[in-house]
Amino acid sequence: QVQLVESGGGLVQAGGSLRLSCAASGRTFSSYVVGWFRQAPGKEREFVAAISWSGAYTYYAEAVKGRFTISRDNAKNTVYLQMNSLKPGDTAVYYCAANPHSEYHNPHGYDYWGQGTQVTVSS
């Protein structure tokens, strides 16, 4: 089993930056796809970004492309989401998730989920 814990959320002004971390324990996830999803009040959970096992492939939602960067350090069992130029529309609970398959965009393809971390972007 892989257990995931997010950290790094908080309150930031529009235009600011935050870096989220997703730390895995219990089992190495170097061979896992890891994704970030977010859920705003009243909305469905949506895909934000994902990274392949090796880090060779990354995928981003159009809304965050060019502003967010996903990366991973398999030696530390940690995946990061660097969020720059934050907008109020980025306000949501952010979740990291992992799967040993080749799923990137579909949340139903992910087997393991963290508890989430709140990101609030003020005007």
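Residues numbered from 1 in each chain as written. Predicted model: local features only at pLDDT ≥ 70, side-chain atom pairs only at ≥ 80, totals over all residues. Heavy atoms only, no water.

1. Here we look at the state of the cysteines
Part 1 of the argument: All told, the structure shown has one disulfide when counted by the stated rule.
Part 2 of the argument: Here Cys22 pairs with Cys96 through a disulfide, and the sulfurs are 2.1 Å apart. Between Cys22 and Cys96 the disulfide shows an S-S torsion of about 65°. By sign, it is right-handed. On the criterion of sequence distance, the pair formed by Cys22 in strand S3 (residues 18–25) and Cys96 in strand S9 (residues 92–99) is long-range, its members being 74 residues apart.
Part 3 of the argument: Overall, the relative accessible area of 0% leaves Cys96 in the buried class. (Disulfide = S-S within 2.5 Å. Helix = DSSP H or I, 4+ residues; strand = E, 2+ residues; numbered from the N terminus. Buried < 20%, exposed > 50% of the residue type's maximum accessible area, 1.4 Å probe, protein only.)

2. A look at unusual backbone geometry
Part 1 of the argument: The backbone phi angle of Asn77 is positive, close to 50°, even though this residue is not glycine.
Part 2 of the argument: Inspection of the secondary structure assignment puts Asn77 in the loop between strand S7 (68–73) and strand S8 (78–83).
Part 3 of the argument: Phi is positive for Ser85, close to 50°, though the residue is something other than glycine.
Part 4 of the argument: Structurally, Ser85 can be placed in the loop between S8 and S9.

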